[in-house]
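So you can see what is in the structure, the chains are spelled out below.
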Amino acid sequence: MISVASAVTARRPRASRHSARSAFAALSLATAVAFTGLATPVLAKGPESLADLADKVTDAVVNISASTTVEAKAPGRTMPQLPQGTPFEDLFEEFFNKKGQRGDGDSPRPQSRKSNSLGSGFIIDASGIVVTNNHVIGDANDIQVILHNGTKLKAEIIGKDAKIDLAVLRVKPDADKPLKAVPFGDSEKMRPGDWVIAIGNPFGLGGSVSAGIVSARGRNIESGPYDNYIQTDAAINKGNSGGPLFNMDGEVIGINTAILSPTGGSVGIGFAVPSATASQVIDQLREFGEVRRGWLGVRIQNVDDATADALGLKGGAKGALIAGVDEKGPAKASGLEVGDVITKFNGMAVKSSSDLPRIVASTPVGKVVEVIVVRKGAETTKSVTLGRLDDPEKPQLANVKQPEAEPAIRQALGLNLSGITDDLRRRYSLKDSVKGVVVTRVDPNSTAADKQIKAGEVIVEVGQEAVASPADVTKRVDQLKKDGRKSVLLLVASASGDVRFVAIGLE
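Small disclaimer: the values here were computed from a predicted structure and weren't measured. (Residues numbered from 1 in each chain as written. Predicted model: local features only at pLDDT ≥ 70, side-chain atom pairs only at ≥ 80, totals over all residues. Heavy atoms only, no water.)

The helix and strand tally for the protein chain stands at 11 helices and 27 strands. Residues classed as buried in the protein chain amount to 42% of the 507 residues present. When contacts within the protein chain are restricted to residue pairs at least 6 apart in sequence, long-range pairs at least 24 apart make up 61% of them. (Helix = DSSP H or I, 4+ residues; strand = E, 2+ residues; numbered from the N terminus. Buried < 20%, exposed > 50% of the residue type's maximum accessible area, 1.4 Å probe, protein only. Contact = heavy atoms within 4.5 Å.)

Of all hydrophobic cores here, the largest spans 28 residues; its most connected members are Phe122, Leu166, Val182, Phe246, Ile255 and Ile282. Within the residue set of this core, elements represented by two or more residues are helix 2 (51-57), strand 2 (112-125), strand 3 (129-132), strand 6 (166-171), strand 7 (195-200), strand 11 (252-259), strand 12 (270-274) and helix 5 (275-288). By residue number, the principal contributor to this core is helix 5, which donates four residues. In terms of nonpolar packing, the next biggest core, distinct from the first, is built from 23 residues, Leu321, Ile420, Phe501 and Ala503 among them. (Core = buried A, V, L, I, M, F, W, Y, C linked by side-chain atoms within 4.5 Å.)

Under the counting rule described, the total for this entry stands at 14 salt bridges. A salt bridge links aspartate 125 to arginine 286; its shortest N-O distance comes to 3.1 Å. In this pair, aspartate 125 is assigned in strand 2 and arginine 286 in helix 5, connecting sequence segments 161 residues apart. What makes aspartate 125 partly exposed here is its relative accessible area of 24%. Take arginine 286: its relative accessible area is 37%, and that puts it in the partly exposed class. The shortest N-O distance in the salt bridge between glutamate 156 and arginine 170 comes to 3.3 Å. Remark: arginine 170 occurs in strand 6 and glutamate 156 occurs in strand 5 (residues 152-161); sequence separation between them is 14 residues. Overall, the relative accessible area of 43% leaves glutamate 156 in the partly exposed class. If you follow the salt bridges from partner to partner, you end up with Glu290, Arg292 and Arg388 in one network. (Salt bridge = Lys/Arg side-chain N within 4 Å of Asp/Glu carboxyl O.)

What follows deals with the environment of glutamate 370. As for its placement among the helices and strands, glutamate 370 is situated in strand 18 (residues 368-375). Residue glutamate 370 is classed as exposed on the basis of its relative accessible area of 54%. Considered as a pair, glutamate 370 and threonine 381 are 11 residues apart in the sequence and their alpha carbons are 6.6 Å apart. Leave out the neighbours within four places in its chain, and glutamate 370 touches Lys344, Phe345, Asn346, Gly347, Thr381 and Lys382.

Bringing helix 11 (residues 470-482) into the picture now. Under the 1.5 Å per step criterion, the end-to-end length of helix 11 is 19 Å for 13 residues, consistent within 8% with the ideal 18 Å. Just beyond helix 11, the residue with positive phi is glycine 484, at close to 85°. (Expected span 1.5 Å × (residues − 1).)

Attention shifts here to the confidence of the model for the protein chain. For the protein chain, the mean per-residue pLDDT works out to 81, and 78% of the residues sit at or above 70. Across the protein chain, the secondary-structure element scoring lowest on mean pLDDT is helix 1 (residues 4-36), at 39, and the one scoring highest is strand 10 (residues 244-246), at 98. Across residues 100-105, where pLDDT falls below 50, the model places 13 contacts with residues more than four positions away in sequence or in other chains. The low-confidence segment residues 391-408 (pLDDT under 50) makes 38 contacts with residues lying over four places distant or belonging to another chain. (pLDDT = per-residue confidence, 0-100.)

With 14 residues, helix 5 should reach 20 Å at 1.5 Å per residue; the first-to-last C-alpha distance of 19 Å fits that figure. Within helix 5, the full set of buried residues consists of Ser275, Thr277, Ala278, Val281, Ile282, Gln284 and Leu285.

With that settled, the discussion passes to the environment of serine 127. You can see serine 127 is positioned in the loop between strand 2 and strand 3. In contact with serine 127, not counting residues within four places along its chain, are Val171 and Pro173.

In space, the six strands of this closed barrel follow the order 7-8-9-12-11-10, with antiparallel pairing throughout. For this sheet the average axis-to-axis angle between neighbouring strands, irrespective of direction, equals 45°. Examined bridge by bridge, strand 8 (residues 208-219) and strand 9 (residues 229-232) share three bridges and lie antiparallel to one another. In the sheet register, arginine 219 faces strand 9, and the bridge partner there is tyrosine 229. Together, strand 11 and strand 12 form the strand contacts of helix 5, whose direction differs from that of strand 12 by roughly 50°. (Pairing = 2+ DSSP bridges. Axes fitted to C-alpha atoms, helices over the stretch in contact; angles between N-to-C directions.)

Let's shift gears to the pairing of strand 4 (residues 142-146). Where strand 4 lies against strand 5, four bridges are found, and the strand directions are antiparallel. Of the residues in strand 5, the one forming a bridge with isoleucine 146 is lysine 152. Between strand 4 and strand 5, which pair antiparallel one after the other, the connecting turn spans five residues, and glycine 150 there sits at a positive phi close to 95°.

On a regular strand, one side chain projects to one face of the sheet and the next to the other, so that they alternate. Relative to strand 8, strand 7 runs antiparallel, the two being bridged by six bridges. When the bridges of strand 8 are listed, isoleucine 197 appears paired with alanine 211.

Turning our eyes to something else, we now look at unusual backbone geometry. Unusually for a residue other than glycine, aspartate 165 sits at a positive phi of about 65°. Secondary-structure assignment places aspartate 165 in the loop between strand 5 and strand 6. Its identity is not glycine, yet serine 429 carries a phi of approximately 55°, on the positive side. Relative to the helices and strands, serine 429 is located in the loop between helix 9 (422-427) and strand 23 (437-442). Classification of serine 429 by relative accessible area gives exposed; the value is 55%.

In total, this model carries two aromatic pairs according to the counting rule given. Measuring from ring centre to ring centre gives 6.0 Å for phenylalanine 122 and phenylalanine 184, while their planes differ by 80°; the resulting arrangement is edge-to-face. Within this pair, whereas phenylalanine 122 is found in strand 2, its partner phenylalanine 184 is found in the loop between strand 6 and strand 7, the two being separated by 62 residues in sequence. The exposure class assigned to phenylalanine 184 is partly exposed, which follows from its relative accessible area of 25%. Note that arginine 292 overlies the ring of phenylalanine 288, its terminal NZ or CZ placed 3.8 Å from the centroid. (Phe/Tyr/Trp six-rings, centres within 6.5 Å; stacked < 30°, edge-to-face > 60°. Lys NZ or Arg CZ within 6 Å of the ring centre and 35° of its normal.)

With that settled, the discussion passes to the environment of aspartate 174. Structurally, the position occupied by aspartate 174 is in the loop between strand 6 and strand 7. Taking relative accessible area as the criterion, aspartate 174 reaches 38% and is therefore assigned partly exposed. C-alpha of aspartate 174 to C-alpha of leucine 153: the two residues are 21 residues apart in sequence and 9.2 Å apart in space.

Given below as structure tokens:
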């Protein structure tokens, strides 16, 4: 086995040749500059040392050890599955029960099994309040917080939130050994290129410091409904989860949570929950032991360029398109409708549909907020009193009440259309609440086929107007063409009543 020292020694001649080449290159560049009069190039340079910053905050960073005890099943033989009436069935059952299934006789008793996980955390209050990731502690029934000096403190859970992946713990420090706490900073002020350091417990190596920059902000890695991560190239590995990401002032601007890696180790793509998001959740966990999120009561989808054109949105694709309204939700009571595009909520711009759930969830329950929507090309403002998001079940969508349609077959937009008859309702298993014009065939070469419209789906609206017959569809499409629209927006319902908007070109 070769030692580290031997490996370094063996590589020295190669390193010397590289140094010689580097020195020659540097001399050539200097000579060229001298003869040409060019300015010396400016190279990017990081801080000379991060040692003072690390010394300032390291004592507030802790290791988390979480143990979960699981009751194991008793080992032993399992009785073979025999058909009923098998000869000697009673004899087999008695034999296997005695030998293994009941723990009788000589068979071993059930034994508990313990699983352990290691992670990181940090102290935000010297009284003993510690923050980490929810996935670090999971369902653990024994949690220990290990300080930088090796002191172990038993921790209790104050509260945890799986959606943002945060947990708040409490420890009881020794009276003569006060804890060191670190403050939160403003993650909204961080820009790509700003220096950061991460401190944690990667692979069980407690107190490890790594440095890098903010690579990006507002990352959505599809890990939850409120994704808004800071991306960093500071080395983050397994065991760093729950640890702090510091700015150069020693303030926590992120909580390290996830990595993107084909190998399981750091490849320079790590993600941290921004302090602007985390601090609100932590405050609620400390106060209530749970997170109380705002609830609007809508189902939304993103707005693409074709949809924006069909809706007459100025400034291109933006906002969150309402595709469903809960009958008992705050949105319904405030007059929000299917087809409205929410562009601003409580003074905050909604650039895409992914912005809205995060903004609504972070708004206090019961607060009256202004919601700016675009409806049929015109901007309007609605006042909404937010409810509380109690459960993640899918809301019941508003049903569009329309008169019964007459049976007729017409073609439009590459679709064969018919009024809903009893026979078609049975054939496509359409719920009684689904009203509109049923699609009986889709031209495979049409834009409608590209947009995944299928036979058996129902067109509820065309250009934000309800339709009850195929004639309504063709009439509305012709009108939109005369108005100079390049695309038409369809509200399409599935057999179960779930709806979505689909934009189809008219050219």
